[in-house]
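Report on the structure
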Protein chains: 6
Amino acid sequence: MKVAVFRKAHFNAAHRLHNPAWSDDRNQETFGKCNLPHYHGHNYDLIVQVIGDIDPETGYVMDMKVLKDLIKEQVEDRFDHKNLNLDTDEFKTLNPTAENIAVVIWNLLRPHLPKHLELKIRLYETERNFVEYPVG
Amino acid sequence: MKVAVFRKAHFNAAHRLHNPAWSDDRNQETFGKCNLPHYHGHNYDLIVQVIGDIDPETGYVMDMKVLKDLIKEQVEDRFDHKNLNLDTDEFKTLNPTAENIAVVIWNLLRPHLPKHLELKIRLYETERNFVEYPVG
Amino acid sequence: MKVAVFRKAHFNAAHRLHNPAWSDDRNQETFGKCNLPHYHGHNYDLIVQVIGDIDPETGYVMDMKVLKDLIKEQVEDRFDHKNLNLDTDEFKTLNPTAENIAVVIWNLLRPHLPKHLELKIRLYETERNFVEYPVG
Amino acid sequence: MKVAVFRKAHFNAAHRLHNPAWSDDRNQETFGKCNLPHYHGHNYDLIVQVIGDIDPETGYVMDMKVLKDLIKEQVEDRFDHKNLNLDTDEFKTLNPTAENIAVVIWNLLRPHLPKHLELKIRLYETERNFVEYPVG
Amino acid sequence: MKVAVFRKAHFNAAHRLHNPAWSDDRNQETFGKCNLPHYHGHNYDLIVQVIGDIDPETGYVMDMKVLKDLIKEQVEDRFDHKNLNLDTDEFKTLNPTAENIAVVIWNLLRPHLPKHLELKIRLYETERNFVEYPVG
Amino acid sequence: MKVAVFRKAHFNAAHRLHNPAWSDDRNQETFGKCNLPHYHGHNYDLIVQVIGDIDPETGYVMDMKVLKDLIKEQVEDRFDHKNLNLDTDEFKTLNPTAENIAVVIWNLLRPHLPKHLELKIRLYETERNFVEYPVG
């Protein structure tokens, strides 16, 4: 049976929710305070889940130090203390909702993990709002 | 692939575990301190999970403000600062265990969500006792 | 210099805020939802702080097992799974606000601690509302 | 003896640390990633402490609903989902460090509290960095 | 539909990661600080999940007091304040990684639960490193 | 008025409570499970508090990056993943109770901080047992 291992990381970033194809009014109505023009920000808590078999020699599904370094390289160094809308390629045209950020992080990490390991992302925008991808 | 979004809420309520079809002794033996006649109470932490596809226009699975208001209307306004056994229709004859409260909350929220969205409830009675419905 | 040691405990109880010398209207206006007649409840988190010198033989200010047992005897066994207004002598005539509960707990524990040790109580009614006694 | 009551609140904001009297190099060297030009952000957790005597009629040091509303009006409505540097009068010329934000919040709340009540502010910029004002 | 009930427990233990079939160099390279010879330790937080149908008479999937006592007997009394490598039969030859500890705990609890109930283990080695078994 | 800044850190270590001047029976009776011969361990959470005036040029009481690095150098690198009794000079003859560890950490950090800044240590051995030094 499979075991899941989880590693928690975090980054602090500014963002603003906005659809450039919409009028200002529709943006304001849809995104409320999250649409304010000068950005606001969050302490994002990220939990990366990797699922696989236990290696009988190490007792590990995956070396957590390797996963920690991978998250730092691919996620924290890219997004920490940044303005997601202005400073990153990923959200130049993609709205930085928690849902979209989770999918982006999955796409950033997936190529760096062995194919036999499954990957899931949980992202906390605040303690009260969070997302998980993929589901099921 | 599907994304899950989670919204955390809470309410404070009194309750007592009791099966009126049983003798006092059997109730006491089964429910222990939770059967004491004058009620006790909890800070219930509720996590509502909604699963669906990301809307490409908004980047949302569902507007969290809509979900927040729905939880307030259907759950918090109904149960907060209430005695679950005496003050609510839902637990007049149903034992207010964490399991039953979770199912009741699912039934209260389900009709108000679009059919294509899946719904799950996690309810913390204390930090050490919690439940989730449905599973799998 | 003095060292403080802290022990965390908890109890779940029902209560209602009410001043019997007042009219129902004034009670309702002052205490709002906390005045509802059938009680509501909380998971109370209690942090007991004891201040003193380190005993050079043990390295302890006070044996935490002794403190843990004292809190169980004097506080948890008395209040856990009880209705504070109906089931306890302490709140028969005293309004069970977090402030008053903290002072009552201090008075219950103080006689059982050696005189050279200082005592402080922090009580969380919810994660967002808590009190400390005494101050300074 | 005095009792302290605490109310927790929060707001999400963007900021950037910068001293306009300094060169870019000195700013970068001093503030590091916090000086990045396009802002980053935080989920600020705020704990407001009010110290006073228990009112024997209510059992309250202060009505927590009044304190909650005051924090919403004076702090949350002013700073939540804002860019502290660009959108607020308070940080137009004052560097929005956690220390300065705590002092600003104290100054915003102090005039609205009765004189006989003492006021302290604790502000969490992240779970690992936080400040308290005043001390002692 | 099934309901999951969760019970949180904890134990404090020392351990060291080491594969006796390997050279000291390979152990050091693979396990890093976790291989240091004199052991280090953790506060392990354990969440036991039991899945089943709600009993209509009790409103319980399973009596949490029974589960609490079972965890105490089978897990806490066995591992709390122990050196996992030296003091336990389970890890005499099995490397006490979080993954292996979770599987061992599952194997210890499984025989004591009714067959119609499903069992899952989540184990926190630290707040940032945790595992779950089985998955899916 | 003074401002306090806090920085949270952590380390995982093994320890055993034991007074070599005492008989085995007295050690066992005093320290209970904490006296077991092969050590157990904890995830120690450390909160370092520094009190001083805000520097008007930076808005800082102290640069948190400097404090973070100092804690890493003086505390984490020394104690993390170590056996406090066997691997450290500080606890060769001093009983590694939470109280004594807090005083040792204060003594390790104090010489590296400017004299005008006040220093306090809070150390969590578990979520339920913690200490603070100095007090008042």
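Computed from a predicted structure; not experimentally measured.

1. Side note on the overall build of chain A
Secondary structure summary: chain A contains 4 helices and 5 strands in total. Helices and strands in chain A line up, N terminus first, as β-α-β-α-β-α-α-β-β. Once the C-alpha set of chain A is aligned to its principal axes, its extents read approximately 60 × 30 × 25 Å. Residue pairs at least 24 apart in sequence account for 66% of intrachain contacts in chain A once pairs closer than 6 positions are excluded. Carbon and sulfur atoms form 51% of the exposed surface of chain A, whose accessible area is close to 5,700 Å². Side-chain charges of chain A comprise 17 positive and 21 negative groups, with the mean position of each set lying 1 Å from the other.

2. Focus on unusual backbone geometry
The peptide bond linking Tyr133 of chain B to Pro134 of chain B adopts the cis configuration, its omega dihedral lying at -10°. Mapped onto the secondary structure, Pro134 of chain B falls in the segment after strand S5 (129-133). Unlike most non-glycine residues, His81 of chain F shows phi in positive territory, near 60°. Mapped onto the secondary structure, His81 of chain F falls in the loop between helix H2 (64-79) and strand S3 (82-83).

3. Things to note about helix H1 (residues 24-31) of chain C
Of the residues making up H1 of chain C, those classed as buried are Asn27, Thr30 and Phe31 of chain C. Relative to the axis of H1 of chain C, the buried residues are bounded by an arc of 75° and lie together on one face. Residues of H1 of chain C that are exposed and angled more than 90 degrees away from the buried face: Asp25 and Glu29 of chain C. Against helix H2 (64-79) of chain D lie the buried residues of H1 of chain C. A positive backbone phi angle near 55° is found at Gly32 of chain C, which sits one or two residues after H1 of chain C.

4. Things to note about the relation of the copies chain A and chain E
Between the two copies of this chain, the relationship is a rotation about some axis together with a displacement along it. With an RMSD of 0.0 Å, the fit of chain A onto chain E corresponds to turning through 120° and sliding 0.0 Å along the axis. Taken together, the rotation and translation describe the operation of a three-fold axis. Using C-alpha coordinates, one finds that chain A approaches the rotation axis most closely at Gly136 of chain A, a distance of 4.7 Å.

5. Overview of the interface of chain A and chain E
With 22 residues of chain A in contact, the opposing surface of chain E contributes 22 residues. Counting each side, the surface lost to burial between chain A and chain E is near 1,900 Å², with a carbon and sulfur contribution of 55%. Contact with chain E buries surface across chain A, with Phe6, Lys8 and Glu57 of chain A losing the most and accounting together for 30% of the total. Where chain A packs against chain E, one counts 2 salt bridges. A salt bridge links Glu127 of chain E to Lys8 of chain A, with the nearest nitrogen and oxygen atoms 3.1 Å apart. Our count for the contact surface shared by chain A and chain E stands at 13 residue pairs in polar contact (both at pLDDT 80 or more). Class assignment of the residues belonging to the side of chain A that touches chain E gives a composition of 13 nonpolar, 3 polar and 6 charged. The pairing of strand S1 (residues 3-15) of chain A with strand S5 (residues 129-133) of chain E spans 4 bridges and is antiparallel. Note that in S5 of chain E the partner of Phe6 of chain A across the bridge is Phe130 of chain E.

6. Looking at the packing of aromatic side chains
On inspection of all chains with the given rule, the structure shows 48 aromatic pairs over all chains. Judged by centre distance (5.8 Å) and plane angle (50°), the rings of Phe79 of chain C and Phe91 of chain C are tilted. One end of the pair, Phe79 of chain C, is in helix H2 (residues 64-79); the other, Phe91 of chain C, is in the loop between helix H3 (84-87) and helix H4 (98-109), and 12 residues separate them in sequence. On the accessibility criterion, Phe91 of chain C (2% relative accessible area) is buried. Measuring from centroid to centroid gives 5.0 Å for Phe11 of chain F and Tyr44 of chain F, while their planes differ by 20°, and the two rings are stacked. Note that Phe11 of chain F is positioned in strand S1 (residues 3-15) and Tyr44 of chain F in strand S2 (residues 40-52), a separation of 33 residues in sequence. Both residues of the pair, Phe11 of chain F and Tyr44 of chain F, count as buried. We note Arg26 of chain A situated over the ring of Trp22 of chain A; from NZ or CZ to the ring centre the distance is 3.9 Å.

7. Notes on the packing of helix H2 (residues 64-79) of chain E against helix H4 (residues 98-109) of chain E
All names here are of chain E. In contact at an axis separation of 10 Å, H2 and H4 are set at 135° when each is read in the N-to-C sense. Compared by their axis directions, H2 and H4 come out oblique. Read as a crossing pair, H2 and H4 show a hand that is right-handed. Here Leu70, Ile71, Gln74, Val75, Arg78 and Phe79 of H2 come into contact with H4, specifically with Val104, Ile105, Leu108 and Leu109. Tallied by class, the residues present in the contact of H2 with H4 amount to 8 nonpolar, 1 polar and 1 charged.

8. Describing the environment of Asp24 of chain F
Within the fold, Asp24 of chain F resides in helix H1 (residues 24-31). In this structure, the C-alpha to C-alpha distance between Asp24 of chain F and Asn35 of chain F, residues 11 residues apart in sequence, is 9.2 Å.

9. Let's talk about helix H4 (residues 98-109) of chain F
Residue and element names in this part refer to chain F. Counted at 1.5 Å a residue, the expected span for H4 with its 12 residues is 16 Å, and the 17 Å between its end C-alpha atoms agrees. By the criterion of burial, H4 is predominantly enclosed, with 11 of the 12 residues buried. Where H4 is concerned, the buried positions are Ala98, Glu99, Asn100, Ile101, Ala102, Val103, Val104, Ile105, Trp106, Leu108 and Leu109.

10. What to know about the pattern of salt bridges
Residues and elements named next belong to chain D. The final tally for this structure, using the stated rule, is 54 salt bridges over all chains. A salt bridge links Arg78 to Glu90; its shortest N-O distance comes to 3.0 Å. One end of the pair, Arg78, is in helix H2; the other, Glu90, is in the loop between helix H3 (84-87) and helix H4 (98-109), and 12 residues separate them in sequence. Residue class for Arg78 comes out partly exposed when judged on its relative accessible area of 28%.

11. Some details on the pairing of strand S1 (residues 3-15) of chain D
All names here are of chain D. Counting buried positions along S1 gives 12 out of 13 residues, so the element sits mostly inside the fold. With 13 bridges connecting them, S1 and strand S2 (residues 40-52) associate as antiparallel partners. What sits directly across from Ala4, in S2, is Ile51. In the sheet, S1 pairs with strand S3 (residues 82-83) via 2 bridges, with the strands oriented parallel. Residue pairing in the sheet places Ala13 in a bridge with Lys82 of S3.

12. Remarks on the arrangement of the chains
There is a clear gap between chain C and chain E: no contact, and 14 Å between their nearest C-alpha atoms. Considering only C-alpha positions, the minimal separation of the non-contacting chain A and chain F is 14 Å.

13. A few points about the confidence of the model for chain A
Looking at chain A as a whole, the pLDDT averages 97, with 100% of positions reaching at least 70. Scoring of the predicted complex yields 0.97 for pTM and 0.96 for ipTM.

14. A closer look at the pairing of S2 of chain F
All names here are of chain F. Of all 13 residues that make up S2, 12 are buried, and the element is covered over most of its length. Examined bridge by bridge, S2 and strand S4 (residues 118-124) share 7 bridges and lie antiparallel to one another. Its bridge partner lying in S4, Asp45 is registered against Tyr124.

15. A closer look at the side chain of Asn129 of chain E
Along the polypeptide, Asn129 of chain E turns up in strand S5. Classification of Asn129 of chain E by relative accessible area gives buried; the value is 15%. Not counting chain neighbours up to four residues away, the residues in contact with Asn129 of chain E comprise Phe6, Arg7 and Met64 of chain A together with Leu123 and Tyr124 of chain E.

16. Let's talk about the environment of Leu108 of chain C
Residues and elements named next belong to chain C. As for its position among the elements, Leu108 is in helix H4. When its relative accessible area of 13% is taken as the criterion, Leu108 is described as buried. Spatially, the C-alpha atom of Leu108 lies 22 Å from that of Gly41, the residues being 67 residues apart in sequence.

Here is what the cut-offs are and how they apply
Residues numbered from 1 in each chain as written. Chains lettered and ligands numbered in written order. Predicted model: local features only at pLDDT ≥ 70, side-chain atom pairs only at ≥ 80, totals over all residues. Heavy atoms only, no water. Helix = DSSP H or I, 4+ residues; strand = E, 2+ residues; numbered from the N terminus. Contact = heavy atoms within 4.5 Å. Areas by Shrake-Rupley, 256 points an atom, 1.4 Å probe, with all protein chains shown as cover. Lys, Arg positive; Asp, Glu negative; His and termini not counted. Charge placed at Lys NZ, Arg CZ, Asp CG, Glu CD. Buried < 20%, exposed > 50% of the residue type's maximum accessible area, 1.4 Å probe, protein only. Arc of directions from axis to C-beta. Least-squares fit on C-alpha atoms with pLDDT ≥ 70 in both. Buried area = accessible area lost by both parts, 1.4 Å probe. Salt bridge = Lys/Arg side-chain N within 4 Å of Asp/Glu carboxyl O. Polar contact = N/O pair within 3.5 Å; in protein donor to acceptor, adjacent residues only side chain to side chain. Nonpolar A, V, L, I, M, F, W, Y, C, P; charged D, E, K, R; others polar. Pairing = 2+ DSSP bridges. Phe/Tyr/Trp six-rings, centres within 6.5 Å; stacked < 30°, edge-to-face > 60°. Lys NZ or Arg CZ within 6 Å of the ring centre and 35° of its normal. Axes fitted to C-alpha atoms, helices over the stretch in contact; angles between N-to-C directions. Parallel < 35°, antiparallel > 145°, perpendicular 65-115°, else oblique. Left-handed = near helix turned anticlockwise from the far one by under 90°. Expected span 1.5 Å × (residues − 1). pLDDT = per-residue confidence, 0-100.

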